[in-house]
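A look at the structure
Each chain is listed here by its residues.
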Amino acid sequence: MSEGIISTAVTSALHEALRKAQTDGQLRLAVWPSLVFDIPKRAEWGDLSTTVAMGLAKGEKRPPREIADVIASHLQWKTDLFDHVDVVPPGYINLTIKRDQWFRVLTEIEQQGTAYGDSTVRAGQKVLIEFVSANPTGPLHVGHGRGAAVGDALAHLLTRTGADVTREYYVNDVGTQVETLGKSVLMRVPQEGLGVELKDAPLPEGLYQGQYISEIATAFVESQPLPAMKNGEADVAEAGRFAKDLLLREILADLHQFNVRFDAVFEEHTLYDNGVVPDALDALRAKEYVYTSEEADWLATSRWGDDKDRVVKRANGQYTYFASDIAYHVHKFNRGFQQLINVWGADHHGYVPRMKAMIHALGYSENSFQVSLVQLVSLVRSGKPVAMSTRAGEFVTLREVMDEVGVDAARFFFLMRRSDTPLDFDLDLAQRKSNDNPVFYVQYAHARITSLFKMAQEQGMNVPSVSEVDLTLLGFPEELALVKKLAEYPELISESARCLEPHRVAYYLQDLAGLLHSYYYKHRILQVNASALTLARLVLMGAVQTVVRNGLTVLGVSAPETM
RNA sequence: GCGCCUGUAGCUCAGUAGGAUAGAGCAUCGGACUUCUAAUCCGGUUGUCGCAGGUUCGAUUCCUGCCAGGCGCGCCA
């Protein structure tokens with residue numbers, strides 16, 4: 001786990017203290033405890049707090065208070081790092097860090113810049129993040145948008161922890177959906193003799209109803225000579241392929257506008273073109289994980305906790321969707337990826353057990369495969385829910401939301417909540433230019449600092465480097481609070497990445513922006529007669545700006561210079 | 001019926017590899033603009049952490065049961 005400069009120093013001090021206590025025979029430490037710190041809830045409990053003593057009490061067979069005293073006695077003399085060390089019942093060790101130690105963070109940020117917050121936990125690891133993967137049978141809706149924002153943010157997060165990340169979009173272009181798409185398009189072809197002349201009449205049950213189908217139909221006939229369309233079967237396939245390609249292009253264009261770029265688009269049909277599906281199943285059959293029963297082939301997923309075994313090849317000889325998934329994931333591993341992350345709509349959670357079982361069957365460890373489930377998005381306008389009905393083909397598309405509220409607001413709102421809980425997306429709030437709009441509030445912090453720098457420049461001051469200023473001048477509690485918040489950032493990133501929870505970054509940024517606005521209002525930064533103080537404050541502002549920008553970048557939200 | 005997720009302030013939600021007196025925003029009420037962006041800030045008010053047991057020195061966090069809501073349970077994709 002990556003840690004900030006302060007936590008690293010404190011951890012090693014604690015480690016040292018424990019070792020000393022052990023060599024002195026004060027603690028036996030049969031099992032070495034994990035050295036974790038919390039940021040205490042109350043200021044009087046210090047900057048960092050640890051409960052190691054309480055955890056050790058059982059093994060040492062001594063009261064936690066005594067153990068804490070022992071540890072504290074070995075920490076006490078590190079006066080360069082600690083201002084003071086307190087032991088509080090029942091056995092907390094509360095550490096107060098020397099003020100000047102905190103300010104080292106500013107040097108750190110200045111040196112690392114856009115890399116501040118990066119770590120090496122996943123260095124050398126090849127990670128594949130598969131997300132969106134919407135079937136190309138219509139435009140993306142807001143739910144897909146949330147998946148796109150989450151997947152992309154996860155990709156950023158893992159990149160920050162050193163991973164070599166590939167973003168991939170999987171296209172289900174085998175099976176009935178593309179066929180249905182083809183049929184739907186043909187029904188809307190505006191030519192007599194081929195389509196129904198009832199242009200706007202509802203299509204038969206099960207076909208795609210949206211207006212976009214008619215548009216595709218028009219494009220389809222224009223794309224090829226009429227006489228070529230003769231026999232039904234071939235036309236359906238042709239129309240389906242045409243529509244799929246067109247819709248996929250539009251989907252990727254929407255995502256492009258949404259600032260999501262995929263490194264690869266993987267089409268299901270290539271698995272069949274290259275025989276990957278039968279190969280994968282044969283390999284599993286060789287391990288006796290695939291068997292035949294009632295004329296169908298099954299994967300024995302129940303061996304690894306699934307409710308029942310799953311059909312991979314139906315009695316009629318057709319492969320199931322699950323068979324494609326098996327082959328696809330074999331293919332992912334064969335391409336050298338060590339960690340596979342799939343971002344799915346939460347309605348697919350029922351597939352997770354069979355997928356995990358499949359990973360086992362393939363011989364990979366369970367934690368090499370993770371699924372991030374993304375819950376539904378409900379749009380709210382003027383306090384009332386916006387009606388959405390997929391059945392009638394009326395749903396709010398990602399494009400509509402993007403056009404209405406902008407890419408930044410959309411992305412931030414999608415990432416504002418834990419992704420596995422439903423999201424109420426307030427369209428009014430997202431457009432508001434005031435402090436109750438979180439994305440605005442955070443971006444404004446960034447723009448405000450830029451504006452400040454501009455003003456400083458007009459007064460003949462450039463933002464100095466840390467080495468040129470006297471940081472001891474930053475004596476206000478608000479200044480220390482900002483620095484402490486900045487120090488949290490590296491751990492925030494590594495923890496968000498470990499838990500696959502980008503929303504933590506959104507919360508952090510709101511906190512940081514709050515501290516900034518509050519400070520800005522309370523203390524004038526550009527002092528007239530105290531240029532040394534002003535310079536020190538400019539350094540602090542520069543650091544805040546760097547971290548705000550880094551955090552927004554993780555979320556895929558821009559950091560504007562002016563607003 | 002079985003499985004997964006959720007239940008925290010009036011509303012929207014954080015917080016859980018067990019830790020101290022449970023937090024934020026919104027709403028509401030009351031304040032602050034000769035000012036580097038008031039596009040902002042400051043202050044007041046708000047809780048049986050769904051309910052009931054259990055494990056523990058300590059539970060919002062872990063376990064069990066119940067209640068409520070959402071989703072999922074095909075040789076569909």
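Before going into details, it helps to say that this report is about the structure given with it. Since the model is a prediction, treat every value here as computed from it, not as a measurement.

**Some remarks on the protein's contact with RNA strand B**
Surveying the vicinity of RNA strand B reveals 57 residues, the closest of which are Tyr-92, Gln-177, Tyr-351, Tyr-444 and Tyr-507. In this structure, a base nitrogen belonging to RNA strand B sits 2.6 Å away from a side-chain N or O atom of Ser-49. Within the backbone of Glu-294, an N or O atom sits 3.0 Å from a base nitrogen of RNA strand B. Looking at the surface near RNA strand B, the elements that each hand over two or more residues are strand 3 (92-97), helix 7 (176-187), strand 8 (296-299), helix 17 (438-458) and helix 19 (503-522). Among the elements that take part in the surface near RNA strand B, helix 17 stands out by supplying eight residues, more than any other.

**Here's the deal with the side chain of Asp-408**
By the secondary structure assignment, Asp-408 is in helix 15 (residues 407-414). Although Asp-408 lies buried, it forms no salt bridge, and the closest oppositely charged side chain, Arg-411, sits 6.6 Å away as judged by the N-O distance. Ignoring anything within four residues of it in the chain, the contact list for Asp-408 reads Val-439, Gln-443, Gly-556, Val-557 and Ser-558.

**Details of the sheet that holds strand 8**
The strand order across the open sheet formed by three strands is 7-8-9, and the pairing between neighbours is antiparallel. Two strands in the sheet have a free side with no partner beyond their single neighbour: strand 7 (290-293) and strand 9 (310-313). Adjacent strand axes in the sheet meet at a mean angle of 45° when their direction is disregarded. When strand 8 meets strand 9, the two strands line up antiparallel, connected through three bridges. What sits directly across from Leu-299, in strand 9, is Arg-310. Along the sheet, helix 12 (residues 321-334) contacts strand 8 and strand 9; its crossing angle with strand 9, the most-contacted strand, is approximately 80°.

**Regarding helix 11 (residues 276-286)**
An α-helix turns once every 3.6 residues. As a result, residues three or four positions apart point the same way. Residues of helix 11 that are buried include every one of Val-276, Val-277, Ala-280, Leu-281 and Leu-284, and no others. An end-on view of helix 11 places all buried positions within 125° of arc, on one side of the element. Among the exposed residues of helix 11, those pointing more than 90 degrees away from its buried face are Asp-279 and Ala-286. Lining the buried residues of helix 11 we find helix 10 (269-273), strand 7, strand 8, strand 9, helix 12 and helix 13 (352-361). Of the residues flanking the end of helix 11, it is Glu-288, one or two places downstream, whose phi is positive at about 65°.

**Remarks on the packing of aromatic side chains**
Tallied over the full model, the rule gives 16 aromatic pairs. Their ring planes at 85° and their centres at 5.4 Å tell us that Tyr-169 and Phe-262 sit as a pair that is edge-to-face. Taken together, the residues Tyr-169 in strand 5 (residues 164-171) and Phe-262 in the loop between helix 9 (232-257) and strand 6 (264-267) connect sequence positions 93 residues apart. Across the pair, exposure class does not vary: Tyr-169 and Phe-262 are buried alike. When the centroid spacing of 5.8 Å and the interplanar angle of 45° are considered together, the rings of Tyr-272 and Tyr-319 count as tilted. A residue pair is termed long-range when its members are at least 10 positions apart, and Tyr-272 in helix 10 and Tyr-319 in the loop between strand 9 and helix 12 qualify at 47 residues. Every member of this aromatic cluster is reached through a ring pair, and the members are Phe-258, Phe-413, Phe-414 and Phe-425. Over the aromatic face of Phe-337 sits the side chain of Lys-126, whose NZ or CZ is 4.5 Å from the ring centroid. Here Arg-354 stacks its cationic end above the ring of Tyr-351, 4.1 Å away from the centre of that ring.

Procedures and definitions
Residues numbered from 1 in each chain as written. Chains lettered and ligands numbered in written order. Predicted model: local features only at pLDDT ≥ 70, side-chain atom pairs only at ≥ 80, totals over all residues. Heavy atoms only, no water. Near = heavy atom within 4 Å. Polar contact = N/O pair within 3.5 Å; in protein donor to acceptor, adjacent residues only side chain to side chain. Helix = DSSP H or I, 4+ residues; strand = E, 2+ residues; numbered from the N terminus. Buried < 20%, exposed > 50% of the residue type's maximum accessible area, 1.4 Å probe, protein only. Lys, Arg positive; Asp, Glu negative; His and termini not counted. Salt bridge = Lys/Arg side-chain N within 4 Å of Asp/Glu carboxyl O. Contact = heavy atoms within 4.5 Å. Pairing = 2+ DSSP bridges. Axes fitted to C-alpha atoms, helices over the stretch in contact; angles between N-to-C directions. Arc of directions from axis to C-beta. Phe/Tyr/Trp six-rings, centres within 6.5 Å; stacked < 30°, edge-to-face > 60°. Lys NZ or Arg CZ within 6 Å of the ring centre and 35° of its normal.

That's the geometry; what it means functionally is another story.
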